[in-house]
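# Topology and contacts: notes
For reference, the chains in residue letters:
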Amino acid sequence: MTLAAIFALLGVLALGAIVCLAKSNTRNGNLDELAAQLRPVDVRAFRNLMDYGEEQFLRENLSFGDFRSVHRERMVAAAEYVQCAAKNAAILVRLAEAARVSADPEIVTAGERLLENALKLRLYALQMIPRLYVAILLPGVARGPYPLAENYDTMRRQVVMLGLRFPTHGMSSAL
Amino acid sequence: MLFLRYYLWIVPNVLLGLVLFLFLGRKLHFQLPSFAIYAAVQLLDFLATVMCALHSPFPYRVYGWILALGDGLNAILAVWVLYELTVKLVLSLSCFAKLSRRLFAASLAVLLLSSAAISGGLSDHSIHRALNLFEDINFSSAFIEVGLLLVLLVFSRALNVSWRNWLVGIALGFGVDACFDLSSAAWRAVYGRPALISVDITQGIGFHICVLIWLVYLLLPERPSRSSGSKLGKEELEAWSEQLEKIVH
């Protein structure tokens, strides 16, 4: 009886989750509106925050308490950069999907490259954000070998190249 | 009540015939062949049960085996449809092929093992072997379908991959049907024969909603991405020039 009730409830909950997720996965892209949601990412500043050499320098020149406080702020800022980059990548996924259905094969290829890179960046971000929060608690812990900054740069170039043939709605300048 | 039972037995299958007709008419079977096969097998299963019902005296044993085999075959085909949806959405991208194939295989293995364990625990074994088999398959397939769909939807939500309207419709239809089956199959396993009619009606309603969803989504036109033109802004030109300079140097 209890098991049957649990599964009945599970079925209802799963139904709600499936309906919500399916609704959110439907293609609904006004590219102009999405372009307005892009936030620029300073890749150079992000690289600096992620630099182990910089971290070592701070560790050697600051007291333990000051270092911990500065390190925490640096990691929180890095996590915000990663979140921002992942959000931008999500918007670029929509742009790439629009390019992929173009009649021009070169635009389709450019769209596919951008899509792969944007999805890769989102995947890196998903793995990197928890590591950054762990690094706040445990300074010196490995933050992973994810080439997020390089990936973001490449993605930005790909949008620019795509923009030569396809309307990017001002996305290249907003990155 | 009898009218409702006949309605839920016949009408969803007639609508499924219409779904298959539309699906083939829009040449979508080239993109998702497994769904066309699934619908065709489901219709054949329905026709076989109709033939049984028209036969006198009613062949209980044959009817039971048709139900069990039909359900088993449809469960395998439903998993195939979900696999094809995964292929269309993420496996087609080379960088994710390995990852999503592993994710799909691991989820399937976990779901298969847990459904076997749970359905073993739930089974109220009657003297009819075919009915026992049918109940186990019915519960396990619903459990696996719901699990795989959730994994697929969460994964594509995390990556922000959007689905074409009709693909969402197919996934949603399977999801609704499997959720109704999951809720009611456990109920039938616990209460046995007295619950058969109410469970049949519940599952019939689930399948009816599922087919209606497929029909509506197939009739809906595809929504293209909206945009207000391709005017170039000064900032965009500056960004091009800046990025091109980086590429050149």
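All values reported here derive from a predicted model rather than from experimental measurement.

With that out of the way, let us pick up the overall build of chain A. A count of helical and extended segments in chain A gives eight helices and zero strands. Mapped in sequence order, the helices and strands of chain A form the string α-α-α-α-α-α-α-α. Expected size for 175 residues packed as a compact globule is a radius of gyration near 16 Å; at 21 Å, chain A overshoots this value by more than 25%. Structurally, chain A occupies a C-alpha span of about 65 × 55 × 25 Å along its principal axes. Of all 175 residues assigned to chain A, the portion counted as buried reaches 49%. Intrachain contacts of chain A at a sequence separation of at least 6 include 75% that bridge at least 24 residues. Total accessible area on chain A is roughly 8300 Å²; 59% of this is exposed by carbon and sulfur atoms. Computed over 20 positive and 17 negative side-chain charges, the separation of the two mean positions in chain A equals 4 Å.

When helices and strands are tallied, chain B shows eight helices and zero strands. Along the chain direction, N to C, the helices and strands of chain B fall in the order α-α-α-α-α-α-α-α. Taking all 249 residues of chain B together, 49% fall into the buried category. When contacts within chain B are restricted to residue pairs at least 6 apart in sequence, long-range pairs at least 24 apart make up 76% of them. Entry remark: accessible area of chain B is about 12500 Å², with carbon and sulfur atoms responsible for 69%.

Turning next to the pattern of salt bridges. It is possible for side chains of opposite charge to pair when their charged atoms get near one another. Residues and elements named next belong to chain A. Summed over all chains, the structure comprises eight salt bridges over all chains. With its nearest N and O atoms 3.7 Å apart, the salt bridge here joins Glu 97 to Arg 94. Of the two residues, Glu 97 and Arg 94 both sit in helix 5 (residues 64-100), three residues apart, roughly one turn of that helix. The partner of Arg 100 in a salt bridge is Glu 112, and the shortest N-O contact between them spans 3.9 Å. Highlighted residues: Arg 100 in helix 5 and Glu 112 in helix 6 (residues 105-137), separated in sequence by 12 residues. Judged by its relative accessible area of 36%, Glu 112 is partly exposed. Several salt bridges share partner residues, and in doing so they unite Arg 47, Glu 150, Asp 153 and Arg 156 into one network.

Time to look at the environment of B:Gly173. Residues and elements named next belong to chain B. Inspection of the secondary structure assignment puts Gly 173 in helix 6 (residues 165-191). Look at Gly 173 and you get buried, because its relative accessible area is 0%. Linking Gly 173 and Ile 66, residues 107 residues apart in sequence, is a C-alpha distance of 23 Å. The residues contacting Gly 173, other than those within four sequence positions of it, are Cys 210, Ile 213 and Trp 214.

In this structure the tally under the stated criterion is 17 aromatic pairs over all chains. Taking the centre distance of 6.1 Å and the plane angle of 65° together, the rings of A:Phe46 and A:Tyr81 count as edge-to-face. One end of the pair, A:Phe46, is in helix 3 (residues 43-50); the other, A:Tyr81, is in helix 5, and 35 residues separate them in sequence. Look at A:Tyr81 and you get partly exposed, because its relative accessible area is 22%. Aromatic side chains B:Phe58 and B:Tyr60 sit 4.9 Å apart centroid to centroid with 85° between the ring planes, which places their arrangement in the edge-to-face category. On the accessibility criterion, B:Tyr60 (67% relative accessible area) is exposed. These aromatic residues form a ring-pair network of at least three members: B:Phe23, B:Phe35, B:Tyr38, B:Trp166, B:Phe174 and B:Trp214.

Bringing the side chain of B:Glu145 into the picture now. Counting through the fold element by element, B:Glu145 comes out in helix 5 (residues 129-159). Sequence-distant contacts of B:Glu145, defined by excluding residues within four places in its chain, comprise B:Ala75, B:Ala78, B:Leu82, B:Phe174 and B:Ala178.

It is worth spelling out the confidence of the model for chain A at this point. For chain A, per-residue confidence averages 84 on the pLDDT scale, and 96% of positions sit at 70 or higher. The element-level mean pLDDT for chain A is lowest in helix 8 (residues 171-174) of chain A, coming to 74, with helix 5 of chain A highest at 89.

So, on to the packing of helix 5 of chain A against helix 6 of chain A. Residues and elements named next belong to chain A. The N-to-C vectors of helix 5 and helix 6 enclose an angle of 160°; their axes lie 8 Å apart at closest approach. By the angle class used here, helix 5 and helix 6 are roughly antiparallel. Crossing angle aside, the handedness with which helix 5 passes helix 6 is left-handed. Grouping the amino acids of the contact of helix 5 with helix 6 by side-chain chemistry returns 29 nonpolar, three polar and seven charged.

All right, on to helix 1 (residues 2-25) of chain B then. Residues and elements named next belong to chain B. With 24 residues, helix 1 extends 35 Å between its outermost C-alpha atoms, agreeing within 8% with the 34 Å of an ideal straight helix rising 1.5 Å per residue. The axis of helix 1 is deflected most strongly, by about 25°, at Leu 8, and proline Pro 12 appears within four residues downstream. Regarding helix 1, the residues found buried are Leu 8, Pro 12, Asn 13, Leu 15, Leu 16, Val 19, Leu 20 and Phe 23. Immediately beyond the C-terminal end of helix 1, within one or two residues, lies Lys 27, with a positive phi of roughly 55°.

So, about empty space enclosed by the protein. Residue and element names in this part refer to chain B. Counting across every chain of the model gives four cavities of 30 Å³ or more. By volume, the largest cavity is sized at about 90 Å³. Lining the largest cavity are 11 residues, and of these Thr 86, Phe 104, Leu 148, Val 151 and Leu 152 sit closest to its centre. Those elements giving two or more residues to the lining of the largest cavity turn out to be helix 3 (60-91), helix 4 (94-122) and helix 5.

Cut-offs applied
Residues numbered from 1 in each chain as written. Chains lettered and ligands numbered in written order. Predicted model: local features only at pLDDT ≥ 70, side-chain atom pairs only at ≥ 80, totals over all residues. Heavy atoms only, no water. Helix = DSSP H or I, 4+ residues; strand = E, 2+ residues; numbered from the N terminus. Rg over C-alpha atoms; globule rule 2.2 N^0.38 Å. Buried < 20%, exposed > 50% of the residue type's maximum accessible area, 1.4 Å probe, protein only. Contact = heavy atoms within 4.5 Å. Areas by Shrake-Rupley, 256 points an atom, 1.4 Å probe, with all protein chains shown as cover. Lys, Arg positive; Asp, Glu negative; His and termini not counted. Charge placed at Lys NZ, Arg CZ, Asp CG, Glu CD. Salt bridge = Lys/Arg side-chain N within 4 Å of Asp/Glu carboxyl O. Phe/Tyr/Trp six-rings, centres within 6.5 Å; stacked < 30°, edge-to-face > 60°. pLDDT = per-residue confidence, 0-100. Axes fitted to C-alpha atoms, helices over the stretch in contact; angles between N-to-C directions. Parallel < 35°, antiparallel > 145°, perpendicular 65-115°, else oblique. Left-handed = near helix turned anticlockwise from the far one by under 90°. Nonpolar A, V, L, I, M, F, W, Y, C, P; charged D, E, K, R; others polar. Expected span 1.5 Å × (residues − 1). Bend = angle between axes of the 7 residues up to and from the residue. 1 Å grid on protein atoms, 1.4 Å probe; cavity = no way out; pocket = protein on both sides within 12 Å on 5 of 7 lines; lining within 4 Å. Points joined across faces, edges and corners; volume = space filled by probe spheres on them.

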